[in-house]
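Below are the chains, spelled out letter by letter.
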Amino acid sequence: MSALSAVARIAYLASDVLVDSQPSSFAENYKSLANADHKPRILSTPSGSDAGEIILRNPDTGLVSFTTSTNAQVLTRLVLHLAEISSRPVVLHIALQDDLSDTILLRAAVPFFLVSSTPQQAHDNALLASRLARTERKAVVHAFYPGISHEPLSELPEDKVLPFLLSEKHPISPGHVTPTTADQQPAQITDDPAVSALFKAYETAALETLTQTRRPLRPVSRQGPVDTHTVILVFGQTTTLPEVEGVSYVFHSLFNPLIPSRLLHAIPTSATRVIVLEQVHRWTTKWLPLYLEVMSALQQRDPQNRPIVQSGVIGSSENVTAADVQALLEQAASTSSLTSRLTLGASPSPAAGVAIPSVPKHELAYTKILSHLFSDRLEISNDPALVASQGSVATSPEFALGRVRGQLDLRADLISAVQDLLQDSTAPAQLHSLLSKWSLSKDDPAKSTSLGSQIIQSLIDEPVKHAAAARVLELQAHLPARSRWIIGSDAWSYDLGASGLHHALTSKLNINILLLDTSPYSARAAADPARRKHDVGLYAMNHGDVFVASCAVFSSYAQVLQSFIEADRYNGPSVVLAHLPYATEDASALDVLKETKLAIDAGYWPLYRWDPTREEPFSLDSDAIKNELKTFLDRQNHLSQLSLAQPQLAAELVGSFGSRVQEARRTRARAAYGDLVSGMEQKPLLVLYASDGGTAEKVAKRLAGRGAARGLATTIKAFDSVGLEGLRGEEGHVAFLTSVAGQGEPPQNGRQFFKALNAAVARGEAVLEGVKYSVFGMGDSHYWPRPEDVGYYNKPGKDLDVRVEKLGGERVAPLGLGDDQDADGWKTGYGVWEPLLWKALGVDQIEVTEAEPEPITNEHIKAASGYLRGTIAEGLEDTTTGALAPSDGQLTKFHGIYQQDDRDIRDERQAQGVEPAYSFMIRVRMPGGVCNPSQWLQMDQIADEHGCGTFKITTRQTFQFHGVIKRHLKPAIQDINRVLLDTLAACGDVNRNVVCSSIPTLSRLHSEVYQFSKDVSEHLIPRTTAYHEIWLDKKLVAGEALQDFEPMYGEFYLPRKFKIAVAVPPTNDVDVFTNDLGFIAIVGQNGQLEGFNVSVGGGMGVTHGNKKTYPRIGDIVGFCTPEQGRFVAEAIMLTQRDNGNRADRKNARLKYTVDRMGLPSFQADFEKRLGYKLAPARPYAFDRNVDDYGWFTGEDGKHHFMLFVENGRIQDEPGRDFKTGLREIAKIHKGTFRLTTNQHMMVSDISDADLPEIKRLLAKYKLDNLNHSALRLSSSACVAFPTCGLAMAESERYLPLLVDKVEKICEQNGLRNDAIVMRMTGCPNGCARPYVAEIAFVGKAPATYAMLLGGGYYGQRMNKIYRETVTEPEILAILEPMIKRYALEREPGERFGDFTIRAGYIAATTSGMEWYTNMGGEGQWREGA
C-alpha cells in the first residue's frame, strides 16, 4: 500500500473540511472512501488558485485538511496566509518529490512540521498531525514521501479514528523517557518556553497516538555508537545509512519545533565534527535552513567543546555505501571553507522538460470553434503548448498579455517600416502599390494575409536597398491581421478570472479573452462564492470600452459564433464568458447539456452581448429571460391602457401619496418662512458662488457679510449645493458670483448647476420665474489674448446672466465683470456692481457703522495655531471625512504634507454625491539629497504600504509620496523618521529643503558642500515641538508649564516659502539663481573649499495675467566663508521675515522684497544684522545646468553612476522596472544614493569589489540605458494632474509624449545629441523651474500652455513669454522651422536659448520687473504680426 493512499484515508476520515489541490493525486482515494460513515465536505481548488484563501474561508470550529503534491506556485501562495492559518486547526498534507526545497519554506511559519519517510510512518504521522491540530488548535504541516511499501500496512480502523481525535487531551506522564548516555551529559541549556510548550504538546499527542497504533513515534532516531568523532544529522527521506567506524547518524522526523537541548543531546561531547545533510537540491541562498538551527543550538555549548559544523545535501540513499560515507568525511576534512556544501547520494536528475498542462476534453469544444472560425489567423497567447518552450509561466495571463503587447508593438514597428518604405522613390512601382494597399487593408483578415505574401515575394524577387525593407522582411510574420485570444481555464490559467483580467481590460490592447466557467449549476452552492465568473461580465461592462459576451455552446451554437466574430471585430479588449459545466472529465456530453439547460433556463447564466460601439450596446439572447421580460412589459401595457381610459384612476394607481404629502409640507414650510421673514422686516438675499481658487468664494462671503450689516437675511452657498431646482420659486434676491476655469468653463463646484441650466434653457422651461437676480463674473481679459479667443473672457458670468433671464428670472442689477487687468484687479468692476445691487434691494441708503470683519488669512492661521498645532491631531481622529479642516490644511504644509484629491475622478465622485477622493502628498526633508540604502528601502516600502505604489524625486532633491490617505499619514511619517529622516519644514512658510550639487568626481569637495547644506538646514529648522507631538507621540514633559518658542521665526513664521541652493561651478545643476538664497562654491587652487559667493532674490512663482507677479533670478551680493554661511542665511531670512509683504501672498516672496526695498538697502539691512559686510564676490564660471550622466570615478577611487529617471517618477512599468531594480541595488549597495534637482539620481560611492554586481543589476533592470536624445535627458516636469490641486494642465504625464514628437524634429536636423533644456509645469507656480529653461511650457487650461523662449543654458538668464496660448499642433508648428533654422545657422558653441535671441525670435530678459516687456516675440515673429 502507498503512503499517499494511507494519508488520503486519514485526511478523509479525520477532517470536517477537506481542501484538495488540483490536479489531484488524492482524488481517486477519496472516491474509494465514498461509503465511509464520516464524510467531510470536499473542496477542489483549481490549479494556480489561492488555496490559503479558501482554507481561511472555512470556519475554524472543526479540522480542515489540505492535500497537495509539491507545487512551488501553490506552496508560495500558502506562505502569504500562514500567519493566520497557523493559529487554526489545519493540517497541510504535502506529497514530496525527492526534494524538500519548496515545502521547507512553510516551516518557519507553522508551529509543527512533521516528515514521514515510509508509508507506515506517513499513516501514523497523519493521525498524529490530525490529533495535534484538533487538541492544540494550531496548524501542522505533514510532508511525506509517497512511496509504496511491500510490507503490510497497519491502519487504525475507521470507527476508531474520529473517537480518538475527539477524545480529551491527557497530560504527559513523567518518567516515560529512558535517557541515553548522550542524554545524561551535563549541560546548562536554555530553551525558549514557547518552543518547549509546543514540543511537550507534540510529545503528548505522540504518546496518545501510541496508545492507538502500538508503535512509538520518535522525533529523532539514532544509528551507530554514542561516543563518536563525527555526527551526521539527516533531514530527509533517508532512515538508515551504512555503518562507518567513528560515525553516528541522527535521523529527524520532527522539523518543528526543533529544540536546542534535544539537538545538543543528540550530539555527544566527543564529537569534533557535525555534518548537517538536508534533502534540499534547489536552495538558492548561502545557508541551508536547518544548518542554521544546528549552528544556533551549538552556540550554547562551551566553545572548547564546540565541534566543526558543516552543511551538505543528501540525495537518494539507495546505493550509498560505506565508501561513499568515507568519501564524504574526506571531503569534509579537506574543505577549508565551512560554506562549501557537501554531498552524499545521488541527486535527483532534472526533469526532462516542463510538464505541459492537460486541456480537459470538454474545453476543446470552444478551442475547436475558434480554430474553425479563424484558422491560420488564430493565436492563443497562453496556449499550453507554449510551456515546452517558454516554461510554466507561459499560461499565466500576465505573460500572455505581455506577449500580446510585444507582438502589437512589433506590428506597429512594421507599419512604421512600411510607411518609410513608401517614401522611398527608388522602390519598384509594383511594391509601392502592394504596400499602399496593405496599409489601407492591414486590419482586414483576408486582404492583409494575401497582400502580405505578395509583398514578401516582391521584396525577395526585387531586393530594395533600404533599411525599412530589411525591417519588413524581419517582421513579415506580423503582416497578416491576427485574432489574438487569451483563454481562462480552471485547469491551466485560473488567475485570469482574478487580477489578470483587470490588467487586460485596462491595457486598451486589441485582445480577446475567453473565460470558461466550468461550475455546474446544480453544484453552485458548493462552489467558491468569491469566484463567480459570470459576475465578471458586469465588471467588464462597467469599463465602458470593453466588448462583453456571455454564451454557452450547449445552448446556442449560433450565438457562440456571433459572440466570437463580434469580439474579434471589436477594436479593443473583448471578454467572452463561456459556460461549460462539468464536474469531472468523465462527465458525458448529455450531463453537460442538462447542466447548461438548467443554468440558462433559471437565468443563472444569461446569454447576451454588449458592444459599446453600437447605439444600443446591449443585446439579450436568452429566450427564457426574454419571455419573462415580455410578460412584464405586457403587464405594464395594461397599466398604460388603464391610464389612457381613466386618467384620474391611473394617477391614483401610479402616483405616490407620500410625495404629495411631502409637497404639501414644503408649501407650508415656504409660507411659514415667508411669514417669518416678513415679521422680521428683513429682505432675504441668497449669495451663490462658483470658485476653484477660492477668490470668488471670498468675495461672496464678503458680499454676504456686507448684506447682513445692511439688515438683509443673507445665506451663502455654492452653486451645486443648491442646484437649479433649489432656486425654483425663490422669492428673495439671488446674487451670483462666479470665476472662470480653463477655456471659459465654469468652476468645479458649479458645473452641475450649469449643466442643469443649459438643459432647462434647451427645453424652454421657465423654472426661475419670479427670481430676482444679478450676476458678478470674475476673469482676466488677457488670459486668452488672441482675437478668436476673446469669447472665453468671463464666459460663465456672461452665460449665466443671459440664461437665468431666459428661464424667467428678473435682472435687478446689470451684469458686473471683474477684470484682473484693471488697476485694482477684480475690485474695480466689483466697486461699480455692488452699489447697484444695494440700490436694487433698497438698502443703499443704510449707513453701516460697524467695521467689516477682517478676512481670515494665513497669517491669522499661523498666529493662532499654537506653533503649528492647530487641530491637526483632532482632525486625524475624525473618520467621517478623508480631509482635514481648511486651516489645518495650511498648517500641515509646515509638517511636509499637502492635502490633495484625485482630480481624474472628481466629477464622477461629485455626481455620486460623495466627497472628493482626498489623499495627501508627503515630502521628505533631506538636505543635500543624499540617502543611504536602508533609507531608500524604507522609502520604497512606504510607497507600497502607505502611498500609491510609486514615489517621486522632486526638483528640491528629495522624495515625495502621493496618494497617502488620512489614516496612513501618521504611520508613514513615523516610518520616515524611523530611518533618521523627517518631513518637518519640507513645505510651508519656512526655509525648505536645502539643495546642493552632486559633483561625483570631487569626493572631498562634495563632502564639504553636503555637510554645509545640512548645517544650514539644521540651523534654520523650526524649533516647535508640534511635529514630534502630533506625528511621533512625544508629549511635552511639563505639559502646559512649558511653551514652545521660535527664536528665529516667531509665531508668524515667514511671509512665504524660502529656498536655498548650493552650487559648485562649472555645473549649475541646482539652478542656484532661481532660489531665494544661493551659495556658489569658490574652490581654491588646491581643491579646497574657500567659501561661497552669495546670491539673493531668486524665485519662480507667477500668477497668470497678474503683472505684479513675475519670476526673478538672484543677484550676487558678496562672498562669505563656510563658517559664516549659516549666519548669512539667517540674517537674510530675518530681513525677509521683517520686511516681506504679509498682506498679499502673491507678492510675499523675497524677490519682491528685494525689488521693493532696492538691493543696496536690502543688503545693508542683512549686513547690519550680521555685524559685518560681505567680502567682494570672487570669479566663477558656469557652463551647464543639466546632469552629467553615466559612470564617473571620484578622486577617492569610488565609482558613481548617474542614471536617467524621466521626470523623477520611481515606478515599475513595462520594460522599465526601475522601482524593483533600485530596490535590488539598495539591498546590496554599501554606498549612498544622491538625488538631483533635475529629478534624476546617482548611485554613489561604489567600491571596486561591488562594481560588477552593481553593473549587472543596472543592466538587468535597464537602469543603465542612457540611449536617449539630449532633449529628453534635459527635460523636466512637475507632477500636475491628477493629484496637484493647482494644476491647470497636464505636465508629468504629457511632457514625455511631447518630447517624443519634438525629438523627432531634432533628429531630422541632426540635433539628437545637442541638449536643449525643455521644461513643463501644470500651473505658473514654477516647481520645475520653467522660467530659466530654453524652451518652457506653463499650463493655462487642459491641453493649453503659455510658451516661453530664450532662457540661458546654464540658468543665467530668464526666458520670456513667446506665445500666451498654444496647443500641441501650434507648438510643433512653431518649433519645427525654428529648430531647423538653429541647426543650419547656429554659431559654434551657441545654445538654443541664445540663438532665439540672436535670431530675433524673442527679446532677452534683463531683470524680473522687465519680464513682461516685449513679450510675445520680436519683429516678424511677434504674435499676430
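Here the structure is a predicted model, which is why all the values come from computation and not from measurement.

A look at the confidence of the model for the chain
Model confidence for the chain is summarised by a mean pLDDT of 87, while 91% of its residues fall at 70 or above. Across residues 174-187, where pLDDT falls below 50, the model places 14 contacts with residues more than four positions away in sequence or in other chains. Below a pLDDT of 50 lies the segment residues 1036-1042, which in the model reaches four contacts outside its immediate sequence neighbourhood of four places, other chains included.

Overview of helix H40 (residues 1159-1170)
Between its terminal C-alpha atoms H40 stretches 16 Å, which fits the 16 Å expected from 12 residues at 1.5 Å a residue. Phe 1162, Gln 1163, Phe 1166, Glu 1167 and Leu 1170 are the residues of H40 that are buried. Down the axis of H40, the smallest arc covering the buried residues is 125°, so these residues share one side. Set apart from the buried face of H40 by more than 90 degrees, the exposed residues are Pro 1160 and Lys 1168. Looking at the buried residues of H40, the elements they touch are strand S35 (1089-1096), strand S36 (1115-1120), helix H38 (1122-1139) and helix H39 (1150-1157).

Observations regarding the packing of helix H6 (residues 119-136) against helix H8 (residues 193-213)
Their axes nearest at 9 Å, the elements H6 and H8 cross at an angle of 130°. Judged by the angle between their axes, H6 and H8 are oblique. When the axes of H6 and H8 are compared, the crossing they make is right-handed. The residues of H8 that touch H6, namely those facing Asp 124, Leu 127, Leu 128, Arg 131, Leu 132 and Glu 136, are Ala 201, Tyr 202, Ala 205, Ala 206, Glu 208, Thr 209 and Thr 213. Its residues assigned to classes, the contact of H6 with H8 comprises seven nonpolar, two polar and four charged.

Here we look at the sheet that holds strand S20 (residues 618-620)
Across the sheet, seven strands lie side by side as S14-S15-S16-S18-S17-S19-S20; this open sheet has mixed pairing. If you trace the sheet from one side to the other, it starts and ends with strand S14 (378-380) and S20, each paired once. Neighbour-to-neighbour, the strand axes of this sheet turn through a mean angle of 20°, independent of strand direction. Here strand S17 (residues 547-552) runs beside strand S18 (residues 574-579); their pairing, made up of six bridges, is parallel. From the neighbouring strand, Ala 549 faces S18, where its bridge partner is Val 576.

A closer look at helix H25 (residues 695-709)
With 15 residues, H25 should cover 21 Å at 1.5 Å per step; its first-to-last C-alpha distance of 21 Å lies within 8% of that length. Turning to H25, its buried residues number three or more, namely Ala 696, Val 699, Ala 700, Leu 703, Ala 704, Arg 706 and Gly 707. When H25 is viewed along its axis, its buried side chains cluster within an angular range of 165° and face the same direction. For H25, the elements touching its buried residues are strand S21 (684-690), strand S22 (713-718), strand S23 (733-738), strand S24 (772-779) and helix H29 (826-841). Just beyond H25, the residue with positive phi is Gly 711, at close to 90°.

Thoughts on the environment of Lys 795
Topologically, Lys 795 is positioned in helix H28 (residues 795-806). In sequence terms Lys 795 and Pro 746 are 49 residues apart; their C-alpha atoms lie 8.2 Å from each other. Beyond its immediate sequence surroundings of up to four residues, Lys 795 is in contact with Val 740 and Gly 744.

What to know about the sheet that holds strand S42 (residues 1232-1235)
Taken together, five strands build an open sheet; the order of strands is S29-S42-S43-S38-S37 and the sheet is antiparallel. Two strands in the sheet have a free side with no partner beyond their single neighbour: strand S29 (930-931) and strand S37 (1190-1193). The sheet contact formed by S37 and strand S38 (residues 1199-1203) spans four bridges and is antiparallel. Across the sheet, the residue bridging to Trp 1191 is Phe 1201, located in S38.

Quick word on the pattern of salt bridges
In this structure the tally under the stated criterion is 74 salt bridges. With a shortest N-O distance of 2.9 Å, Arg 614 and Glu 566 are connected by a salt bridge. A residue pair is termed long-range when its members are at least 10 positions apart, and Arg 614 in the loop between strand S19 (608-610) and S20 and Glu 566 in helix H20 (residues 557-569) qualify at 48 residues. Its salt-bridge partner being Glu 1390, residue Arg 1398 comes within 2.7 Å of it at the nearest N-O pair. In this structure Glu 1390 comes out as buried when scored by relative accessible area, which is 11%. Bridged by salt links that share partners, the residues Glu 1206, Glu 1213, Arg 1216, Arg 1272, Asp 1300 and Glu 1303 form one connected network.

Cut-off values and rules
Residues numbered from 1 in each chain as written. Predicted model: local features only at pLDDT ≥ 70, side-chain atom pairs only at ≥ 80, totals over all residues. Heavy atoms only, no water. pLDDT = per-residue confidence, 0-100. Contact = heavy atoms within 4.5 Å. Helix = DSSP H or I, 4+ residues; strand = E, 2+ residues; numbered from the N terminus. Expected span 1.5 Å × (residues − 1). Buried < 20%, exposed > 50% of the residue type's maximum accessible area, 1.4 Å probe, protein only. Arc of directions from axis to C-beta. Axes fitted to C-alpha atoms, helices over the stretch in contact; angles between N-to-C directions. Parallel < 35°, antiparallel > 145°, perpendicular 65-115°, else oblique. Left-handed = near helix turned anticlockwise from the far one by under 90°. Nonpolar A, V, L, I, M, F, W, Y, C, P; charged D, E, K, R; others polar. Pairing = 2+ DSSP bridges. Salt bridge = Lys/Arg side-chain N within 4 Å of Asp/Glu carboxyl O.

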